[in-house]
Amino acid sequence: MSHHEEDKSNDQYYYIVALLAGLFVGFIVDRGAIYIPIGGVLGLLTAALFIKFLVRGRHDV
């Protein structure tokens, strides 16, 4: 019988932090309520790019 160890992924933490930071920046811009969700979406896109290009390449280090 073999033991299978799962690789624990912490990606959800990156997405949560990016979403909150994007929402906060959208709130600070103070140009209207539409910028709050736009900031959240841009934060999530930034997190996706960060995970895809920077975090995934670290397993070789």
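Here, every reference points to the structure presented above.
Procedures and definitions
Residues numbered from 1 in each chain as written. Predicted model: local features only at pLDDT ≥ 70, side-chain atom pairs only at ≥ 80, totals over all residues. Heavy atoms only, no water. Axes fitted to C-alpha atoms, helices over the stretch in contact; angles between N-to-C directions. Helix = DSSP H or I, 4+ residues; strand = E, 2+ residues; numbered from the N terminus. Left-handed = near helix turned anticlockwise from the far one by under 90°. Contact = heavy atoms within 4.5 Å. Nonpolar A, V, L, I, M, F, W, Y, C, P; charged D, E, K, R; others polar. Buried < 20%, exposed > 50% of the residue type's maximum accessible area, 1.4 Å probe, protein only.

1. Quick look at the packing of helix α1 (residues 11–29) against helix α2 (residues 35–55)
Axis separation between α1 and α2 bottoms out at 7 Å; the angle between their running directions is 145°. Crossing hand, α1 versus α2: right-handed. Contacts from D11, Y14, Y15, A18, L19, G22, L23, G26, F27 and V29 in α1 reach Y35, I36, P37, G39, G40, G43, L44, A47, A48, F50, I51 and V55 in α2. Broken down by class, the residue content of the contact of α1 with α2 amounts to 16 nonpolar, five polar and one charged.

2. Let's talk about the environment of A21
Summarising the element assignment, A21 is placed in helix α1. A residue is classified by how much of its surface remains accessible, and A21, at 40% relative accessible area, is partly exposed. Taking the C-alpha atoms as reference, A21 lies 6.7 Å from G43; in sequence the two are 22 residues apart.

3. Observations regarding the environment of I28
With respect to the element layout, I28 can be found in helix α1. According to the relative accessible area criterion, I28 is exposed, its value standing at 51%. Along the primary structure I28 and G39 are separated by eleven residues, whereas in three dimensions their C-alpha atoms are 9.9 Å apart.

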